[in-house]
Each structure stands twice: as structure tokens, then as C-alpha cells.
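Residue-level structure breakdown
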Amino acid sequence: MTEARIETAPYLKPLPNVSELNSPFWEGLRSREFRIPRCAECHHYNWLPYPACRSCLSERLVWTPVSGRATVWSFTAVYRGPGAFGLDVPYIICLGQLEEQPRRCNVLANLRGVNPDDVTVGMPIEIGYVDIPSEDITMYEWVPRR
Ligand SMILES: [Zn+2]
């Protein structure tokens with residue numbers, strides 16, 4: 001089950017620069033789809049988005065919905081955050097390894113809904129969606145997989 005929440009407080013953190021190249025990603029979030037560029041030649045997923053496949057250099061990349069399911073690959077807990085992030089401490093920055101293969105694909109995001117002392121490498125997580133109505137955008141975060 002996809003988790004989604006609405007951020008009602010004034011949003012004071014950086015916003016993405018939505019462009020023609022990355023708009024399929026942001027439109028996907030709005031419709032509860034997590035999309036990753038997938039190479040049409042070697043079928044590897046490429047994150048972060050880049051003009052060419054990191055495995056074979058093909059420029060035939062296709063925005064492809066993925067499950068959003070992952071496991072914690074690495075993480076750190078932040079106890080003193082800069083600016084508006086200071087309101088969220090303690091918070092966890094997490095590198096999640098998507099279950100999609102063949103090549104490992106890690107996605108960086110905050111992990112919400114778990115105490116920093118309870119996070120472990122290999123823990124099941126999934127993408128959660130965060131609607132920010134005041135900015136007309138949907139962001140993403142990791143949440144524990146239920
Ligand atoms: Zn490729």
C-alpha cells in the first residue's frame with residue numbers, strides 16, 4: 001500500500017527545478033508512480049537521471065515506473081539540521097536500494113516514521129509520497145514497509 005501524506009505547514013525547504021527533462025518524474029510522483037530512467041538497450045535502471053545509460057552509454061532511456069520497494073543500503077541520523085531542516089531533527093537520510101535489478105539502483109531520500117535507533121541496514125522500506133499543496137508539487141521520502 002502506497003503511503004501518502006499532505007504537508008500543511010508552510011514549506012520552507014528547497015524545491016526542485018522542474019524542467020522538460022525531469023517533468024515525467026515529478027508528474028509520476030503526483031500520480032503515485034515512482035519512475036526511474038531505464039535503458040532500452042541493457043535494461044539497467046539509472047538513478048540519478050543522466051543523459052546516457054551509466055552501463056552502456058545508450059541515450060535510449062525511458063521513464064519506467066518501479067515498485068518503490070527497497071531495503072536500507074546505508075543511512076545517517078541528523079541531530080542538527082540547517083535552516084528549515086532544523087525543525088525536523090532528529091531525522092534520517094537514507095540510501096535505499098530498489099528491488100529492481102539487474103544492476104543495483106540506490107535512491108537518496110529522508111526516511112520518515114522510524115526512530116533513528118531502530119533503523120538497520122537491510123530494513124524493508126518503500127517510497128512514500130508527500131503532497132505540498134502550497135507549492136503545487138509532490139515530493140517523496142522513504143517510509144518503513146508495512
Ligand atoms: Zn544501458
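To keep things clear, this report deals only with the structure shown in the data block. (Residues numbered from 1 in each chain as written. Predicted model: local features only at pLDDT ≥ 70, side-chain atom pairs only at ≥ 80, totals over all residues. Heavy atoms only, no water.)

Applying the stated rule across the entire model yields nine salt bridges. Between R35 and E33 there is a salt bridge, and its shortest N-O distance comes to 2.8 Å. Of the residues examined, E33 reaches a relative accessible area of 28% and is grouped as partly exposed. Notably, a salt bridge pairs E41 with R60, separated by 2.4 Å at the nearest N-O pair. Taken as a pair, E41 in the loop between β2 (34-39) and β3 (61-66) and R60 in the loop between β2 and β3 lie far apart in primary sequence, 19 residues in all. Classification of E41 as partly exposed rests on a relative accessible area of 44%. Each of R5, E7 and E141 takes part in salt bridges that share partners, so that together they form one network. (Salt bridge = Lys/Arg side-chain N within 4 Å of Asp/Glu carboxyl O. Buried < 20%, exposed > 50% of the residue type's maximum accessible area, 1.4 Å probe, protein only. Helix = DSSP H or I, 4+ residues; strand = E, 2+ residues; numbered from the N terminus.)

Turning our eyes to something else, we now look at the coordination of the zinc ion. Binding of the zinc ion to the protein goes through C39 (SG), C42 (SG), C53 (SG) and C56 (SG), at separations of 2.3 Å. Classification of the site at the zinc ion as tetrahedral follows from its four donor atoms and the range of 101 to 118° in their angles at the metal. Taken in sequence order, the residues that donate to the zinc ion follow the motif C-x2-C-x10-C-x2-C. In this pair, C39 is assigned in strand β2 and C53 in the loop between β2 and β3, connecting sequence segments 14 residues apart. By relative accessible area, which is 1% here, C53 ends up buried. (Donors = N, O, S within 2.8 Å, 3.2 Å for Na, K, Ca; no water. Tetrahedral: all angles 85-135°; square planar, octahedral: opposite > 155°, others 65-115°.)

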